Amino acid sequence: IQPPMPLASSSAETPTLVWALETDIARPRIVRRSDVLLISGWCYHPERGIRRLSVSLDDIVYPVSHHGLTRPDVLHEQVRHLDRTGNSMFSGFWVTLPVPAVEAPRRLRLALHARLDDGREVRAQVGELKLVPAPAGARHSFAGVPAAAEGSLVAICLATYNPPVDLLVQQMDSLLAQTHGQWVCIVNDDDSAPALFAEVKRLASRDPRFEVERNQKRLGVYRNFERCLTRVPPEARYVAFCDQDDLWYPDKLSASLAAFEEDVTLVYSDMHIVDRSGERLSDTYWTTRRNNYTDLAALLFANTVTGAASMFRAELLDLALPFPEPVGDSYHDHWVACAALASGRIAYVERPLYAYRQHAGNVIGHYTAAGRRLLPRVSNVVAALRSPAALKHTARVRMRLLHHGYRILTRLVLMAHTLDVRLAGGGAAAKRAVLSRVAHIESSIWPLVGEALRSRLGRRSTLGLEALCLRSALATKLTGAYYRFKRRRIYAQALADARVPSAPEAGTSAVAAADAEAKFLLIKTAPLKLAVLPSAPRRVNVLTSTVDFRYLFAGYVSVFNLALRLAREGARARLVIVDECDYDPAAWRGRIIDYPGLEGLFDSAETAYHFDRTVSLEVSPEDTFVATSWWTAHVAHRAARDLGQERFAFLAQEFEPLFYPAGSRYLMALQAYSLPHFAIFSTELLRDYFRQSRLGVFHDDPGRGEDESVAIANAVHAFEVHADQLRRGGRRRLLFYSRPEAHASRNIFEIGLLALRAAVAKGALDPRGWEFDGIGGVDDGASESLDLGKGARLRLLQRTSLREYMRMLPGYDLGLSLMLSPHPSMTPLDMAAAGLVTVTNTFATKTRERLAAISSNLVPVGPSVEAIAAGLAEAAGRVGDVEKRLAGTRLNWSMSWDATFSA
């Protein structure tokens, strides 16, 4: 799901429908035959309720069954803009739309139609959907096709991403040892780290039947296997999925081929379950659930066909490609298995044909059965009611589970509808009936009740997902009813939350405020509840505050890269989140793709949510803890002590007491450095500050502090900068890293603003030749600017994603980034690497000489209005020196996280 499109309405003069799509309709859709498109988003009328919502493609109108869904997130945003009635709280919708087959590129007009509660009909033109036909003869040519392979050639689709090299060697060796030698292997790499991709290519070069392709950006498992399937050569009669870390037995291909009969479209087998070293954990996969390959409805709900165990006829690609849009956790093997059973028959080989490895890096492990109950146990409800904390935790867990169930339901409908449309009346009548039934299963509660009863009475091998979908649909309706019942109160609270008071409200008690602060500190530093299990695997627990993609820059990027590199080095890394957040790892997998280098984080590292400290964290006696902030240092100290350990590790990226005025928070932040730890300083400059100030590990014995600390260099982003970019004509552009928020006061925004005004007033920055932008501290939806004098204005841009930030940075000439801190901050270094002549301030060990040694594009000045204004004048005079700016992009600093967190 893409970020919402810009806010839009159906009329620029008098807004009627206000809407946003969460489906990226700008991306062209490749269509092989008639297909189905999932459209989701939100839509409301500022004055009237919507009685009926429809979507049209050109002149064909389709009713939207799911509209009026509760969207409190939209409400809290829209009360700041157009919503004066609270209608945006019930604005969510989704619908599956059939789209026609095309022989040439075609554009379909997409519009929203609403009948209001006063009987009026209103319409909003949303955009155009571009359909592109699949190219004729689109199957990929392949140089390594063996001779005399006609009729028996198998195309093995091996998807790789940062593979464990030792396991990949064993897997590829097992392919070379196959008794059926008529095969080719498409190795499709999902933008692995350069060193690992070089290993993939080296291993593949041993045999001409391997061909290696690489995605330009990380696609994720689902899309990576889809891309791999598009490269199957036309000579192939069969296709087999292959994982990067399993081990095939020599007869896997020959035994699978032998199981094909005339009407069989797919064959799969049992497997041995083994650990990373190859030691057998189970003689069969079917230890926790029953197998199923005949019941299409059950297979749609829950897959039993493991991709790495599968081989299917190449003709199935015409039905399976392109894959439907991913919804939640979508998987390639589930989709292909459903397509195979809908169009033919699946056969099963009842003996293991390969070893399925279980280890920390598995994307999907060995499933265990989920509950089948339609209602929660009474005993669980009573236990939850006994404790408010337990009740709150139980509610959060239940809501996440039900949200997951609703995504399963949406995905189920999309898959069934897509197969129904693509088959276009083909296939067995009984299976067409199943597809039609499931495609409309969400139309009311009763079809879901029927499926749940079928599962219960027929003992389906679906992990009880029918019951989960039913409960999710019921919960969605009950949630909507609750929000409608409490509508006035919730809307009033949203209005209150949207107000930003300029001063503390009258009557606020200082005693009450101090009491709230004391409770805050207690909650912030509360210890984890550890469940110590000798049998648990040893983990490295990286304690982090939150995962919030609005603020995923600098410090969080460092923390996440540390966890990712630990996992790649073979540690079982786990991100333990200790503050309240919207915990949704499945959604995070999709969002993290926009952060270059971090794409595989949530596939490689485990996550655990422990804002509620009454919930136990499973640890081994040898677990270790890494703190990443002053409050997680207090938490890590208690956890290490509870395991009988002397120290924890502390990733120190700042002297954090500078965040606060003198007081309790300042003191607790300072005390964090006195706890026994091993220090990982984000820069040598910060380490020098602690050394000179006799802080932390340097407090008692500076010599010992050298042994108990290490300094890294947080990686600067790499930019492609060309001389032509820097010679562009027109007005020059200045970018100010502007953080006006109170919690970012160390960025001395006010001093920077005064310096800009002084530079404009003195003529150093003539508004006729300069544009002024600020970035960093403006929430979505806000649009502000500040007067700089002489007609110049500082336009404050909205927060943006890391990928967009990297794209836009080389478009500026002069940078201004300030921070009252002993470490240099990543933003001025990013600016310098992108070719901006960048003014930044000195402080303590962050001296003029040390900053200038990093890049000639840096202009270090003292942190005063006069010095910064003079620095701006100097920088403005240097922007025309293109050669020097290009030389300054080559920083004397780490330019990759692999170098920062080396082995």
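Whatever comes next refers back to the structure up there.
Residues numbered from 1 in each chain as written. Predicted model: local features only at pLDDT ≥ 70, side-chain atom pairs only at ≥ 80, totals over all residues. Heavy atoms only, no water.

(A) Looking closely at the side chain of D270. For D270, the position within the fold is in strand β16 (residues 264-275). For D270, which is buried and forms no salt bridge, the nearest opposite charge comes from R351, at a distance of 10 Å. With near-sequence residues (within four places) excluded, D270 lies in contact with D283, T284, Y285, W286, Y348, V349, E350, R351, P352, L353 and Y354. (Helix = DSSP H or I, 4+ residues; strand = E, 2+ residues; numbered from the N terminus. Buried < 20%, exposed > 50% of the residue type's maximum accessible area, 1.4 Å probe, protein only. Lys, Arg positive; Asp, Glu negative; His and termini not counted. Salt bridge = Lys/Arg side-chain N within 4 Å of Asp/Glu carboxyl O. Contact = heavy atoms within 4.5 Å.)

(B) Representation of unusual backbone geometry within the structure. In this model, L321 is joined to P322 through a cis peptide bond whose omega is -5 degrees. Inspection of the secondary structure assignment puts P322 in the loop between α7 (317-320) and α8 (332-343). For R694, which is not a glycine, the phi torsion comes out positive at approximately 55 degrees. Relative to the helices and strands, R694 is located in the loop between α21 (684-693) and α22 (702-707). Of the residues examined, R694 reaches a relative accessible area of 38% and is grouped as partly exposed. Phi at A844 is positive, roughly 50 degrees, even though this residue is not glycine. Following the sequence through the fold, A844 ends up in the loop between β34 (837-841) and α27 (848-854).

(C) Representation of helix α11 (residues 429-439) within the structure. Within α11, the full set of buried residues consists of V434, L435, V438 and A439. Taken end-on, α11 shows its buried residues confined to a sector of 125 degrees, consistent with a single buried face. Of the exposed residues in α11, the ones pointing more than 90 degrees away from its buried face are A429 and A430. (Arc of directions from axis to C-beta.)

(D) How the structure looks around the packing of aromatic side chains. This model, assessed by the stated rule, comprises 30 aromatic pairs. With a centroid separation of 4.8 Å and an interplanar angle of 90 degrees, the aromatic rings of Y285 and W286 are classed as edge-to-face. A single burial state applies to Y285 and to W286, both of which are buried. Cluster of aromatic residues (ring-pair linked, three or more members): F648, F650, F655, Y673, F681, Y689, F690 and F698. Between the NZ or CZ atom of R209 and the centre of the ring of W183, over which it lies, the distance is 4.0 Å. Cation over ring: K524 sits above W631, and NZ or CZ is 4.4 Å from the ring centre. (Phe/Tyr/Trp six-rings, centres within 6.5 Å; stacked < 30°, edge-to-face > 60°. Lys NZ or Arg CZ within 6 Å of the ring centre and 35° of its normal.)

(E) Inspection of the pairing of strand β24 (residues 616-619) at higher detail. Here β24 shows a clear split, with L617 and V619 buried on one side and none of S616 and E618 buried on the other. Here strand β20 (residues 529-532) pairs with β24 via four bridges, running parallel. Looking at the pairing, V532 lines up with V619 of β24. (Pairing = 2+ DSSP bridges.)

(F) Just the sheet that holds strand β5 (residues 50-57), in detail. What the five strands build is an open sheet, ordered β3-β10-β9-β5-β6; its pairing is mixed. For this open sheet the edge positions go to β3 (29-31) and β6 (60-63), each flanked by a neighbour on one side alone. Strand-to-strand twist of the sheet, defined as the mean angle between neighbouring strand axes without regard to direction, takes the value 35 degrees. (Axes fitted to C-alpha atoms, helices over the stretch in contact; angles between N-to-C directions.)

(G) Structural view of the packing of helix α24 (residues 749-761) against helix α28 (residues 865-878). One way to put it is that α24 packs onto α28 with a least axis distance of 8 Å and a crossing angle of 55 degrees. On the basis of the axis angle, α24 is oblique to α28. Between α24 and α28 lies a crossing of right-handed hand. Across the interface between the two elements, I751, L754, A755, L756, A758 and A759 from α24 touch V865, I868, A869 and L872 from α28. Class assignment for the residues of the contact of α24 with α28 results in ten nonpolar, no polar and no charged. (Parallel < 35°, antiparallel > 145°, perpendicular 65-115°, else oblique. Left-handed = near helix turned anticlockwise from the far one by under 90°. Nonpolar A, V, L, I, M, F, W, Y, C, P; charged D, E, K, R; others polar.)

(H) Looking closely at the pattern of salt bridges. For the structure on display, the rule yields 59 salt bridges. We note a salt bridge from R107 to E128, for which the minimum N-O separation is 3.7 Å. Taken together, the residues span a long stretch of sequence, with R107 in strand β9 (residues 106-116) and E128 in strand β10 (residues 121-133) at a distance of 21 residues. Classification of E128 by relative accessible area gives partly exposed; the value is 40%.

(I) Main features of helix α20 (residues 664-672). Taken as a whole, α20 has its buried residues at M668, A669 and A672. One side of α20 holds all its buried residues, which, seen down the axis, span an arc of 100 degrees.

(J) Summary view of the sheet that holds strand β27 (residues 677-681). Pairing in this open sheet of seven strands is parallel, and the strands run β23-β22-β21-β25-β26-β27-β28 from one edge to the other. Of all the strands in the sheet, just β23 (606-609) and β28 (709-711) have a single pairing partner and so form its edges. Pairwise comparison of adjacent strand axes, ignoring direction, gives a mean angle of 20 degrees for this sheet. Note: β27 against β28, three bridges, orientation parallel. Counted as the bridge partner of F681 is A711 from β28. Across the face of the sheet, α21 comes into contact with β26 (648-652), β27 and β28 while running at roughly 140 degrees to β28.

(K) Spotlight on the nonpolar core. Within the largest apolar cluster, 106 residues are counted, with the highest numbers of intra-cluster contacts made by V154, I156, L229, L300 and F312. No other element matches helix α10 (residues 388-423), which puts ten residues into this core. Setting aside residues no more than four positions away along its own chain, I156 makes contact with L175, W183, V184, C185, I186, A240, C242, W248 and L253. L562, I680, L726 and Y737 belong to the second-largest nonpolar core, a separate cluster that totals 61 residues. (Core = buried A, V, L, I, M, F, W, Y, C linked by side-chain atoms within 4.5 Å.)

(L) Geometry of the state of the cysteines. Taken as a whole, this structure holds zero disulfides when the rule is applied. With no disulfide of its own, C228 lies closest to C157 among cysteine sulfurs, the gap being 3.8 Å. Relative accessible area serves as the criterion here: at 0%, C228 is assigned to the buried category. (Disulfide = S-S within 2.5 Å.)

(M) Just the packing of helix α15 (residues 510-524) against α20, in detail. The geometry of α15 relative to α20 is characterised by a closest axis approach of 11 Å and an angle of 20 degrees between their N-to-C directions. Taken together, α15 and α20 sit at an angle that is classed as roughly parallel. Both α15 and α20 take part in a crossing whose hand is right-handed. Packed against α15, whose contacting residues are E517, F520 and L521, the element α20 presents S664, R665 and M668 at the interface. Its residues placed into classes, the contact of α15 with α20 shows three nonpolar, one polar and two charged.

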